[in-house]
Structures are given as structure tokens and as C-alpha cells.
Amino acid sequence: MRLKILNNASGHSELVSCLGWSSGSELYTLGEDQKLLRWSHEGECLGPVPTNLFPSASATAAQGNAARVTIYYTALHWCPGKTDVFAAGTSDGKVMLCSKGARVDKVIEAHHGAILSLAWCNDGTALLSGGEDGIIKIWSKSGMLRSTFITQSSPVFSAAWSADGSQILFTTNRSLSVKPLQAGTKTNTWKAHEGVILKAVWNETTGLIVSGGEDKKYKVWDAFGRLLYSSQMLEHTITSLAWSINGESFAVGSFNNIRVCDRLGWTLAASSVEAGSLLNLSWMPDGTTLAFVSARGNVGFAHTVDRRVEWRNIEVDILDDKIVSIKDARTGHEEQLDFKDKLVHVGIAFSTVLLLTRTQGHVFNFGKSLNAFDLPSGITSGGRVVAVRQAKSHFATVDPLVGVTVFTYAGKPVCTIKLPRADTLHEGVLALNDELVAVRDPGNECAVLTFDVLSGKPINTYKHGHAVRQLDVDHVGLSKTLAIIDKNGDLHVAQLSRGTFVKLGGMADSMRFCEETPLLASVMDGRLTFWMYPGVVFVDSDLRLATRRVKDHVKSARIQWFAGSQCLLRRTDGSGMVVGWTCPFTRPLHELAARKKWDACVTLCRAAKAQDLWAVLAALALNGNELNTAEVAYAAIDDANKVQYMCYVRELKSTELRTAEMHVFKRQFKEAETILLSSGNPYLAIRMWINLHNWDRALDLATRYKDFLPVVAAKRADYLARMAVAERSKRFLQLAQAVQPDREQVQALVLAEERKAGIAAAR
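The structure displayed is predicted, hence computed values, not measured ones.

### A word on the sheet that holds strand β2 (residues 16-21)
Ordered in space as β2-β3-β4-β5, the four strands form an open sheet in which the pairing is antiparallel. Two strands close off the open sheet at either side, each with one partner strand: β2 and β5 (45-48). Mean inter-strand twist for the sheet, computed between neighbouring axes without regard to direction, equals 20°. As paired elements, β2 and strand β3 (residues 27-31) share five bridges and run antiparallel to each other. Along β3, the bridge assignment pairs Cys18 with Leu30.

### Some thoughts on the pattern of salt bridges
With the rule as written, the count across this model stands at 32 salt bridges. Asp317 is paired through a salt bridge with Arg308; the nearest N and O atoms lie 2.7 Å apart. On the basis of relative accessibility, which here comes to 17%, the residue Asp317 falls in the buried class. Residue Lys503 pairs with Asp490 through a salt bridge whose shortest N-O separation is 3.5 Å.

### Some remarks on the sheet that holds strand β25 (residues 289-294)
Reading across the sheet, the six strands line up as β1-β26-β25-β24-β23-β22 and stay open at both edges, with antiparallel pairing between neighbours. Two strands in the sheet have a free side with no partner beyond their single neighbour: β1 (2-8) and β22 (240-243). The average undirected angle you get between the axes of adjacent strands in this sheet is 30°. Bridge analysis of β22 against strand β23 (residues 249-262) gives four bridges, and the strand direction is antiparallel.

### So, the pairing of strand β51 (residues 558-563)
With five of six residues buried, β51 is to be regarded as a mostly interior element. Where β51 meets strand β52 (residues 566-570), five bridges bridge the pair, whose relative direction is antiparallel. Looking at the pairing, Trp561 lines up with Leu568 of β52. Where β51 folds back onto β52 in an antiparallel hairpin, the turn is made up of two residues, including Gly564, whose phi is positive at roughly 65°.

### Some remarks on the side chain of Thr586
Among the structural elements, Thr586 can be located in helix α3 (residues 586-594). We classify Thr586 as buried; its relative accessible area is 1%.

### Considerations on the packing of helix α5 (residues 611-623) against helix α6 (residues 627-636)
Two elements in contact, α5 and α6, have axes separated by 8 Å at closest approach and are oriented at 155°. Between α5 and α6, the interaxial angle falls into the category roughly antiparallel. Two packed elements cross with a definite hand, and for α5 against α6 that hand is left-handed. When α5 is examined against α6, the residues Gln611, Trp614, Leu617, Ala618, Ala621 and Leu622 are found in contact with a partner set consisting of Thr629, Ala630, Val632, Ala633, Tyr634 and Ala636. Each residue belonging to the contact of α5 with α6 can be placed in one class, and the counts come to 10 nonpolar, two polar and no charged.

### Quick notes on the packing of helix α8 (residues 655-665) against helix α9 (residues 669-678)
One can describe the packing of α8 onto α9 by two numbers: an axis separation of 8 Å at closest approach and a directional angle of 165°. Here α8 lies roughly antiparallel to α9, going by the angle between them. In the crossing of α8 with α9, the sense of the turn from one axis to the other is left-handed. Residue-level contacts link Glu656, Leu657, Thr659, Ala660, His663 and Val664 of α8 to Phe669, Glu671, Ala672, Ile675 and Leu676 of α9. Looking at the contact of α8 with α9, its residues break down into seven nonpolar, two polar and two charged.

### Quick look at the nonpolar core
The biggest cluster of nonpolar side chains holds 48 residues, and the ones touching the most others in it are Leu491, Leu520, Leu589, Leu617 and Tyr634. With 10 residues, α5 is the single largest residue contributor to this core. Once you skip the residues sitting within four places of it in the chain, Leu617 turns out to touch Leu589, Trp598, Cys601, Val602, Cys605, Thr629 and Ala633. One finds Leu657, Leu676, Ile686 and Val750 within the second-largest nonpolar core, a separate group that totals 34 residues.

Parameters and conventions
Residues numbered from 1 in each chain as written. Predicted model: local features only at pLDDT ≥ 70, side-chain atom pairs only at ≥ 80, totals over all residues. Heavy atoms only, no water. Pairing = 2+ DSSP bridges. Helix = DSSP H or I, 4+ residues; strand = E, 2+ residues; numbered from the N terminus. Axes fitted to C-alpha atoms, helices over the stretch in contact; angles between N-to-C directions. Salt bridge = Lys/Arg side-chain N within 4 Å of Asp/Glu carboxyl O. Buried < 20%, exposed > 50% of the residue type's maximum accessible area, 1.4 Å probe, protein only. Parallel < 35°, antiparallel > 145°, perpendicular 65-115°, else oblique. Left-handed = near helix turned anticlockwise from the far one by under 90°. Contact = heavy atoms within 4.5 Å. Nonpolar A, V, L, I, M, F, W, Y, C, P; charged D, E, K, R; others polar. Core = buried A, V, L, I, M, F, W, Y, C linked by side-chain atoms within 4.5 Å.

Okay, here's the thing in C-alpha cells:
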């Protein structure tokens, strides 16, 4: 990758430190030459914008020379989602709230000294300002002071909101601090650099922090202050930083130098630019263009070109903004495509190359003609597509103003999902297959919403205890599985039919479902882990560790794609590593189990002679209620207890009882209770809860079926006697007073119920 630089030195004549992209993808710059200029995304200066940000010559002349004051602007931030609202900060501590036509609606006397930091929260309802006086203040949208958030002795050179607006990041000399808005909560402060920190930015999508300062280093942190990457010492002080919207890269500016880095810290591209110190950087919403301003008055645009996207045997090289080369490394076939508009997205998945410009979509498959189609005007206006995900038959785009739109590869819009605050979405929290779309709830980061892919109608909401950082859905499994990584780094999975999350592992950095099998790959604790059947936790959680394969020495790597038996990892140094670590028999085993070819599954496992493959077969057989195959598989992995249990369940005469016992085995006790009650076996449901020591639920059922109250009373008394403790539950004290169980009658009742169910014979 390299940067194609367009450096314009003719727009401003003096220092420029303020810039910002409007929602219409136009750049605005404020300079000390008292000009507000407007620029197109191609780098063309569209001229000055009429504004009252600067006092007119006639107004100052009327007040006399003594009243003439030159206003210098030090900060500028556009309000999210509003095309004509922005805030500007001055060197004398004022905040200007501006609306349509760059007209100043309100002037706020905010600080003593220059304003160094100005930022709207993501929903545009609050504005923070930080200044030379060491104070951070929070203002309402209308300019009313809400609170004086922090007061310190050193200037606040930089401050930023968290994604949900509940915390603020700010600099304190050589330290970084994250403080929640809630009163009485502890501030997390850590020493970050050896010199004064001049800039710190917090990405709203990944939650990562980048800081840089006078020690000539930039560093990447997580939200808890843990160091993820530290650069080598550069030649000059770091003067500016900026995250791309999707959080996949960030830019670093210093004296006569600009570089673009991956979110893990390694440098993607670097370039020299004759502009002096780069005082501010800002990414265009589509992530393809980076704007910068400098101390010499230069306004520049950097375009990323010569990028490469890889997927298995397909390589796509972005040679220029409008030219790509597609090559099949297996056959050597290569084609070059030219486009009229600038490319905003290039992706490969499911053997399909997807190319998006500002107005059109292009789908390329080797051996087929290039399919081009027009994108809806609501999406293309302003070039606001910020995330794209692909499935086998569809792809989805995210636009902050439109929401999530699903298309077929023929270009036909399938559905549009309207979501509030869609600007907080990125590729990591969007997933789809041929049946549904899964997306993190923009209004609640602890919830995942699912929608029908054809109609766009809501299906379900899956709630989790912590904020969801990444999610994905499987593409070919019989029981669709949703996987998430939360903010604590825990990997959880949920069956879409049940909706309950179960923890699969911890310390996870990234994960991805295979495109062709139900396998899940994850980077956890510096190791690459292949989960050969993630749904095993819903069948027999004891097999969780037995159905995985692990490869060491992949610390801080990200999974780019996972297809077939290979996945591509991107390491922190920028190198890519294709890993083929899965068992080659896993895919045919899943395919045979889906067709219920159980004898063929057993034959395959015997030929493979792999314990983990037998464990996968045991789980698949249990999921399909195939007890004979499950018994063979458990015997192969030497689990005698479960073999004996399979024999016991198989000998039960009633289908309902066998089904209920399998639900008990899978720890699905509510479902087992429902089956037992509907089949006329309330005693067995009560006995199940007694064996699980859920005495309250057993008493609830006994109260409903009063014939079994003596059974519960007798079992409770025996339990307390074995434990040598006295009764303390009020409910059971009342039961002991009301019911005096006759041991012989209880035993006779139990035997009668077991004979009725055929359990005694099974034993």
C-alpha cells in the first residue's frame, strides 16, 4: 500500500489547524488567515464560505481600531448526523455554535485561554470542550453548561468520548485518563509516554485508543489502559492522530510526514509531504481519503492506493482510485478493470469479488461476465457506505443515514433495515447468512438484533451481560449459531432457536465462522483455536475441549477470512499467515451427519483414528438423537459413564421418556419438564428437580400435583438427615407441619410411578 498525496498550498496563506468533514462529504477548513474554505472529496477547493465567524472590516472600523480583535480558531468538530451544525473553538476560550450557512448562533465564554479540544458525542446531544486552563466542560446541544467535568493543573491537549457517551478520555501531561460520567466512579489513569501527550483519539467502533506526543512515539491501548503496541521513536514529535470510522486503521501526522497504520499498530503506508507540521487529520467517512492541514497553511488529501486484498487463490490489487487488477493464482488468469468513479470498497468472500464505487456495484467471478448495477441514491449520496459484509447469496451495506441494506449479487435490493445511530456500526458487529442478518443493537451494545434477510422483519433480540465487541453467524449449520466476543474478551455462542449465550472460552481477540462448514476459528490467549463443532456446548459441554484444535504463537493476530480448511491471519507486524490446521475429515463428517448417514460417519471416524473427530461425532449424534452412534462414539473416547447412560436411555420404552432424558443430558431441564408433564409423568419431573437439588421447583410441582407432596417431604427429610442440618426454609417448615409422610406409602407410590413409566424394567 502507498499514499497518493494531493498537497494544496494555495487555499490558505497562514497556519491551518481546524478541519472537518460534513455529512455531505465536503471538507471545511479554518485558518488564521480568517478564511473558512470548502473542499470537495477529490481535493478541489470550492471557495470560501460566507460566514460571520470572523468580524467584518466594517464592523471593526465602526468600533475603532482599539476594538479590532483578530479571532484565531483552534478546534472544529462537525455534529454527527447533522449536515449544517458544527462547533468551533477559539484561542481566547470561546465556543461558537454554528448552523446553516456557517452562521454563528451562539457564543459561549467557555475557558480562560485557548480551547485545545472540542468533540460532540456520537448522538450529537452533548459537546465537550477542553482548554489551556486544564478544565473539561460538558455542554448541551443548545450551549447550556451541564457540568465542569474535570479540573487539573496541566492543559487538556486532547479529549474524546467513548462510543456510548458514558466515559471521556483526556490527557494529563504524560498520562492518559478515562473517567466515567457517573459521579463517584473511579478514574483510570496510567502513564502512557515519556513526553507530554499532544494527541489521543478513541475509536468508537473498536474501543481502541491511540496516543502520541513529544517522545516521538505513538502507542495503541485498549479501553482499560493495557498497551497493545508501541512504535519505534520517529524523527519528529507526533502532532496529529485520526482513526478511520471502521476502526481498521489510523493515521499519524508529524513534521513533513504522514503514515497510515493498521489498528494493531504496524505501518501500512508512509509518505513525506512538504507541508511542515501536520496539525490535524480527518478521515473521509468511506475510509478511502485522509485530509490534513499544516502549520504552513497547506490543505492536503491522501488516497490509499496499491492495496492488496487476498482470499484463498484470488488476489485483488487496487492500483489506483479507479483501477483494480484481479488475479487467480491457481490458473494464472488476470484481468484489469477500470471504473469511472472512485472505489470505496473491495471485498472477497465465497469466491465472489465485490467492488463498490460511489454510484455502482460490481460483482466479479472468474469464468463469468462482470455484473454491474446501480446503487440506490439514498446510499450513494455522499459516499457514506462505512461497512460491508458478504454471504453466499447476498451482501449487506451499512450507511449511517439509511441503515442496513441487503442486496443480491445481481444488484437487486432485498430489504432495508432502519436502525437509529447506525453510525456506530462496523463490519465487526454486522453478520449475515442466507437466512438472517445479525447486528449489534446501536441503542444497547449488550444486545444483538436479528432480522429476516428477505423481508427485513425483526426475528429476535439476544441479550448479553456485557457490551458486544464482535459477532458472526454460521453459514451452513443445521441449527444456526451466533458467536460473539464481549468487551471482556470472552467468546460466547448461542443457538438462534434458543437465544441463551454459553461461554466457549476467554481472552479472545478475533473469531470467524468458516464459509463452508460450521467450524469456528478464534484467536485466544495467543493461540489459534479451531472449534470443530461450536454447538457442542448445547449438547455436552464436557466435550468442549475435546472438539478443538490449537496452534500456538499467533499472539495479537486477527483472522481475515476462514474458508475450507484454511484461514488467513494478519499479525501485528503486518505479515499474513495462511493456516491450515483443521482436520480434513471434519467437513465430510458434518455433511454426512446433516444427511443422517450415521454408519458412514462411524466408518469415517474409524478411518481417521482421531479422538477429537470421535468427540465431534458424539455431539452430532446427540444433537440428532441418534443414541446408537453416540454410544459408539463415547466408547471410542473411553467415556464409560456416558456409554452406560446411553444404554439406559435406549432401553426406555417410551419415546417421550427417551426424549426427556436426552434433554436432561443436554442440561435443558425446562424442556425435559415440559415433555414429562405433557406425557403424564409428573413424578419423574419432580424427581428430576429433586436430583438437581432444586427443591423449590420440586415443591411447586408437588403443590400442583398434590399426590406427590409426601414424596417431596420424605425426600427433603432424607436429604437434611444426610447433610446433618436443620430445616430453615419457611416453605418446607410449613410442608413438614402439613404433611406427615408414611414411608411405606411413599415407597409404594414411587414404585408404582416407575413401573408405569417402565423405568424399573430399564434399570
